[in-house]
Amino acid sequence: MINDILERFSKQVVLDEDMEYVLGLSEGEQLDKLMDKASENNNNLDSEIFLEQDIHYPPVLLTFIGMSACNCRSLYTTEQYHPKYTENLINIKLRNIDQCGISAINCYTLTEFSSNELFKLVQLLNSHEVKVNIKVPYKHYADIDDLDIDALIIDLYDLRKLDLSDNNPKSVNMYEKFIKELSDNSSNIDLVGELLINSGESPVDIAVLIRKIIDFNINTVEVLGVDPFCDNPEEYHPQYNNNYLLKIVAILRTILPDINIKYKYPTNGISIINELLKLGVNIISGVYTDNTNPNIYNIEEIQDILNDFRKN
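Okay, so let's go over this structure. This is a predicted model, so every value here is computed, not measured. (Residues numbered from 1 in each chain as written. Predicted model: local features only at pLDDT ≥ 70, side-chain atom pairs only at ≥ 80, totals over all residues. Heavy atoms only, no water.)

What about the sheet that holds strand β4 (residues 151–155)?
So, point 1. A barrel is described by the order of its strands in space; here eight strands give the closed sequence β1-β2-β3-β4-β5-β6-β7-β8, paired in parallel fashion. When the angles between neighbouring strand axes are averaged without regard to direction, this sheet yields 25°.
So, point 2. By the bridge criterion, four bridges tie strand β6 (residues 220–225) to strand β7 (residues 260–264) in an arrangement that is parallel. Bridge pairing in β7 places Thr 220 opposite Asn 260.
So, point 3. The strands touched by helix α4 (residues 83–94) are β1 (50–57) and β2 (102–109); relative to β1, the strand with the most contacts, the crossing angle is about 160°. (Pairing = 2+ DSSP bridges. Helix = DSSP H or I, 4+ residues; strand = E, 2+ residues; numbered from the N terminus. Axes fitted to C-alpha atoms, helices over the stretch in contact; angles between N-to-C directions. Contact = heavy atoms within 4.5 Å.)

What about a negative patch on the surface?
So, point 1. Judged by side-chain charge, Glu 300, Glu 301, Asp 304 and Asp 308 come together as a negatively charged surface patch.
So, point 2. When you line up the elements, Glu 301 lands in helix α11 (residues 299–311). (Patch = residues over 30% accessible without salt bridge, like charges linked within 9 Å, V, L, I, M, F, W, Y side chains within 5 Å. Areas by Shrake-Rupley, 256 points an atom, 1.4 Å probe, with all protein chains shown as cover. Salt bridge = Lys/Arg side-chain N within 4 Å of Asp/Glu carboxyl O. Lys, Arg positive; Asp, Glu negative; His and termini not counted. Charge placed at Lys NZ, Arg CZ, Asp CG, Glu CD.)

Examining the pattern of salt bridges
So, point 1. Applying the stated criterion across every chain, the model contains twelve salt bridges.
So, point 2. For Glu 40, the salt bridge goes to Lys 37, with nearest N and O atoms at 3.8 Å. You can see Glu 40 and its partner Lys 37 sitting in helix α3 (residues 29–45), three residues apart, about one turn around the helix.
So, point 3. Connected through salt bridges with shared partners, the residues Asp 54, Glu 222 and Lys 264 form a single ionic network.

Regarding the nonpolar core
So, point 1. Within the largest apolar cluster, 89 residues are counted, with the highest numbers of intra-cluster contacts made by Met 19, Leu 152, Leu 252 and Ile 284.
So, point 2. Top element by residues in this core is helix α9 (residues 242–255). It accounts for nine residues. (Core = buried A, V, L, I, M, F, W, Y, C linked by side-chain atoms within 4.5 Å. Buried < 20%, exposed > 50% of the residue type's maximum accessible area, 1.4 Å probe, protein only.)

And the structure:
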């Protein structure tokens, strides 16, 4: 049966029942065939492994009465920071990226703000001369075409909601139209799709999301584990089921042999990155090069892992 499924996968035919069968495999020859096919496709891709640093905006730690500390602006505070102060904080976080071989910055905006502030943020990020990928609230999608960015980061489950929305309301139609225009190469902006796993999704959900990746011509998928205990966006301790994670990456590389597969490295260091690199991951995000914050600084650890991987 697995041979028939792999044949369909090679033609990008993704059936719900096939996904249920493959994700239900626990061990044995049939699972090995899936892993072998993913490794074969990955070897044929022969891609360099890229490192990307994450940054959150605004990068200011705020505390306010009756609330825990969090790395975001809040409705409960009117405190404002001087733009130069914010700029300096970002530059401190990014000051080592050139010497550490970082290929891109992933910027996650944590709140809505003015278009002018967004333009200045992107301009600041571009001053570091690496690719800039950004995730913004839907309100700012109207600004995307005017921004000098390389990719827009989207949540793949937002595309899943297109199928679940009653009567497909106007706002949903507008969202779908915008994403479709980007995916049809009518702009120079790529799409990065976030695939959140271990969050209660079913095999059918995964099948639908992969069909969306194909339909919308998304060329990079980032696999994320849910982190229910995160107090700060930079403290990423995802809850991964490792066997399930390996199967997800293998399925993606088998169905989509040319896609970029991104894996967000957990700041607690608990990772099976070597196995993931063999199966198809070719971008590691969640890299932190700012050694003034030892709790999340991980570039040396990741570089050591990559050096050992390349030797083998």
